[in-house]
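# Observations on the three-dimensional arrangement
Each chain is listed here by its residues.
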Amino acid sequence: MVLGMKYGQCDAADLDSRLRTNAVTDGFLARFAEVNGSYLCNDLLDCDVRTPQGVQHALDNRLFVDFCPKMVESAVKITEEIIAEQDARK
């Protein structure tokens, strides 16, 4: 959301901003996957939290308490790095 708010397309006719947004977003996803192995929750958690069994697995293994906050921290760090890099290019 942060990257979308900072670099997002404000005008539907502004194709350049859409392309920039897509590039920044793709870069974020690639970096997150590189650091964490994936950007998909099911892969990261090794369960499908759309199912009762998956939710139970996540609860039993304290994934929401112990693992997910680490993924949020990683996302914040990567976002900060991307913003710093983008600002340095200006």
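Residues numbered from 1 in each chain as written. Predicted model: local features only at pLDDT ≥ 70, side-chain atom pairs only at ≥ 80, totals over all residues. Heavy atoms only, no water.

For the rest of this paragraph, the subject is helix α5 (residues 63-88). A turn of α-helix holds 3.6 residues, and therefore any two residues three or four places apart point the same way. The end-to-end C-alpha distance of α5, which contains 26 residues, comes to 36 Å, matching closely the 38 Å that a straight helix rising 1.5 Å per residue would cover. Three or more residues of α5 are buried, namely Leu63, Met71, Ser74, Ala75, Ile78, Thr79, Ile82, Ile83 and Gln86. (Helix = DSSP H or I, 4+ residues; strand = E, 2+ residues; numbered from the N terminus. Expected span 1.5 Å × (residues − 1). Buried < 20%, exposed > 50% of the residue type's maximum accessible area, 1.4 Å probe, protein only.)

This part is about the confidence of the model for the chain. When pLDDT is averaged along the chain, the result is 94; 100% of the residues meet or exceed 70. Taken element by element, the chain is modelled with least confidence in helix α1 (residues 2-7), mean pLDDT 89, and with most confidence in helix α4 (residues 52-60), mean pLDDT 97. (pLDDT = per-residue confidence, 0-100.)

Residue position: Thr21 is located in helix α2 (residues 15-36). Among the polar contacts listed, one links the side chain of Thr21 to the backbone oxygen of Tyr7, at a separation of 2.4 Å. Residues within four places of Thr21 in sequence aside, it is in contact with Tyr7, Gly8 and Gln9. (Polar contact = N/O pair within 3.5 Å; in protein donor to acceptor, adjacent residues only side chain to side chain. Contact = heavy atoms within 4.5 Å.)

Further remarks concern a nonpolar patch on the surface. On the surface, Leu59, Phe64 and Val65 cluster together into a nonpolar patch covering about 270 Å² of accessible area. Mapped onto the elements of the fold, Val65 is located in helix α5. (Patch = residues over 30% accessible without salt bridge, like charges linked within 9 Å, V, L, I, M, F, W, Y side chains within 5 Å. Areas by Shrake-Rupley, 256 points an atom, 1.4 Å probe, with all protein chains shown as cover. Salt bridge = Lys/Arg side-chain N within 4 Å of Asp/Glu carboxyl O.)

Moving on, we get to the pattern of salt bridges. Evaluation of the coordinates by the stated rule reveals four salt bridges. The salt bridge involving Arg31 is made with Glu81; its shortest N-O contact spans 3.8 Å. Remark: Glu81 occurs in helix α5 and Arg31 occurs in helix α2; sequence separation between them is 50 residues. Overall, the relative accessible area of 25% leaves Arg31 in the partly exposed class. Here Arg62 makes a salt bridge to Asp66, at a shortest N to O gap of 3.1 Å. Overall, Arg62 belongs to the partly exposed group, its relative accessible area being 45%.

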